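Architecture at a glance
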Amino acid sequence: MARLPEHIAVIMDGNGRWAKEQGKMRVYGHQHGVDSVRRVTEACAELGVKYLTLYAFSTENWNRSSIEVNALMTLLTQALKSELKTLTDNNIRLAAIGDLARLPKTQYDALTEVIDATKNNTRMTLTLCLSYSGRWEITEAVRKIASKVKDGALTPEQIDESCICSHLATAGMPDPDLLVRTSGEERISNYLLWQIAYSELYFSKKYWPDFTKEDLYEAVINYQNRERRFGKTSEQLKK
Ligand code: IPE
Ligand code: IPE
Ligand code: MG
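Read on for a plain summary of the structure. (Residues numbered from 1 in each chain as written. Chains lettered and ligands numbered in written order. Predicted model: local features only at pLDDT ≥ 70, side-chain atom pairs only at ≥ 80, totals over all residues. Heavy atoms only, no water.)

1. As for the site of ligand 2
Quick note on the threshold: For each residue, the test is whether any non-hydrogen atom lies within 4 Å of the molecule or strand; if one does, the residue is near. For this analysis, a polar contact is any N or O atom pair within 3.5 Å, provided that within protein one partner can donate a hydrogen and the other can accept it, and provided that sequence-adjacent residues contribute only side-chain to side-chain pairs. Here the accessible surface of atoms and residues is derived via Shrake-Rupley with a 1.4 Å probe, and residues count as covered only by protein chains that are part of the display.
Within the structure, ligand 2 sits among I11, M12, D13, Y55, A56, F57, S58, N61, R64, R181, R187 and S189. At 2.6 Å from an oxygen atom of ligand 2 is found a side-chain nitrogen or oxygen belonging to R187. S189 is positioned such that a nitrogen or oxygen atom in its side chain is 2.5 Å from an oxygen atom of ligand 2. Within the complex, 77% of the 390 Å² of free accessible area of ligand 2 lies under protein.

If you want it as structure tokens, here you go:
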């Protein structure tokens, strides 16, 4: 327990392939993906993980068919409604990062309602990345910083790593210790580009709807058996 990751980030991938393998529509996979979100959230809260950050919908995902996008949006509002009580009962705070202004109003309102209702919860922060991409986030941060420099509120010399961190959507959150991606794909897909600089990466072959609590434990145990050197040598760390 001493080596528990404080922050786990997940790229929930493989819903479509999971459904296709069963001769079903992609949406069927997304519906079952919601059950995995519930399981993994519960597992993380039980373990004592403080931050769980889920890639739910990327900037690039807007390019999918309108049928799929609409189905994902509907699932989002359904899940927000059905899970509010569980989040409240379990003292879990919901947060969201991404270009939320691009969400339809119904989804935006449902999201802000749950975020507001759970804002004082302290056990774990569950962050949904919606209409999110790492490059979008960095671009936004650069824009905010540039405008402060222009206004004279900041000098170029004051721009350091911590300044950049504090202008990202994840300001105040520790970087992910562990990044999990399901479905066998081994890429980052524009996720948390700045924040995963030193995260441990874990790739699971399982499709997201098949991902269980035990799979999450396996990822955590795998993480715990790694040596995070942060540029130092093994010998230095043992001293
Ligand atoms: C992940 O599953 C969910 C989202 C990206 C919204 P996919 O929908 O990407 O499923 P695959 O990768 O096509 O199997
Ligand atoms: C990444 O999955 C985005 C989410 C999990 C929400 P994708 O399935 O969209 O990623 P690529 O396009 O295959 O890399
Ligand atoms: Mg995918």
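2. A look at the pattern of salt bridges
A pair can form between side chains of opposite charge whenever their charged atoms are brought close. This is how it is decided: Take a side-chain nitrogen of Lys or Arg and a carboxyl oxygen of Asp or Glu: if they are within 4 Å of each other, that pair is a salt bridge. Burial classes follow relative accessibility: with a 1.4 Å probe on protein chains only, a residue under 20% of its type's maximum area counts as buried, one over 50% as exposed, and anything between as partly exposed.
One pass over the full model with this rule turns up 20 salt bridges. When the shortest N-O distance is used, the salt bridge between D13 and R17 registers 3.3 Å. Among the residues examined, D13 registers a relative accessible area of 16% and is labelled buried. A relative accessible area of 29% places R17 in the partly exposed class. A salt bridge links R26 to E68; its shortest N-O distance comes to 2.8 Å.

3. Here we look at unusual backbone geometry
Rules: Helix and strand labels come from DSSP, where a helix needs a run of H or I of at least four residues and a strand needs a run of E of at least two; each type is numbered from the N terminus.
Its identity as a non-glycine residue notwithstanding, N91 has a phi of 60 degrees, on the positive side. A relative accessible area of 29% places N91 in the partly exposed class. A positive phi is found at S189, a non-glycine position, where the angle reads about 50 degrees. Inspection of the secondary structure puts S189 in the loop between β5 (178-181) and β6 (200-203). Overall, S189 belongs to the partly exposed group, its relative accessible area being 29%.

4. Observations concerning the sheet that holds β6
Definition in use: Two strands pair if DSSP finds at least two bridges between them. Only the contacting stretch of a helix is used when fitting its axis, a line to C-alpha atoms as for every element, and angles between N-to-C directions run 0 to 180 degrees. Residue contacts follow a heavy-atom distance rule, with two residues in contact if any of their heavy atoms lie within 4.5 Å.
Pairing is parallel across the open sheet formed by 6 strands, whose spatial order is β3-β4-β2-β1-β5-β6. In the strand order of this sheet, the two ends are held by β3 (92-97) and β6, each with one partner. Strand-to-strand twist across the sheet, computed as the mean angle between neighbouring axes with direction ignored, equals 20 degrees. Lying over the sheet, helix α4 (residues 105-117) contacts β3 and β4 (124-132), oriented at roughly 140 degrees with respect to β3.

5. Topic: helix α7 (residues 213-224)
As a reminder, the rule being used: Expected helix span is taken as 1.5 Å per residue step, with the number of steps being one fewer than the number of residues. Picture the helix axis, draw a direction to every C-beta atom, and the arc is the one those directions span.
Along its 12 residues, α7 runs 16 Å from first to last C-alpha, staying within 8% of the 16 Å computed at 1.5 Å per residue. Turning to α7, its buried residues number three or more, namely K213, D215, L216, A219, V220 and Y223. Down the axis of α7, the smallest arc covering the buried residues is 165 degrees, so these residues share one side. Buried positions along α7 lie against β1 (7-11), α2 (26-47), β5 and β6.

6. Quick notes on the packing of aromatic side chains
Rules: Centres within 6.5 Å are what make two rings of Phe, Tyr or Trp a pair, Trp counting through its six-membered ring; a difference in plane orientation under 30 degrees is then read as stacked, over 60 as edge-to-face, and the rest as tilted.
What the rule picks out here adds up to 8 aromatic pairs. Ring geometry for W18 and Y28: centres 5.7 Å apart, planes at 15 degrees, overall stacked. In this pair, W18 sits in helix α1 (residues 15-21) while Y28 sits in helix α2, placing the two residues 10 residues apart along the sequence. For W18, a relative accessible area of 9% corresponds to the buried category. With a relative accessible area of 25%, Y28 lands in the partly exposed category.

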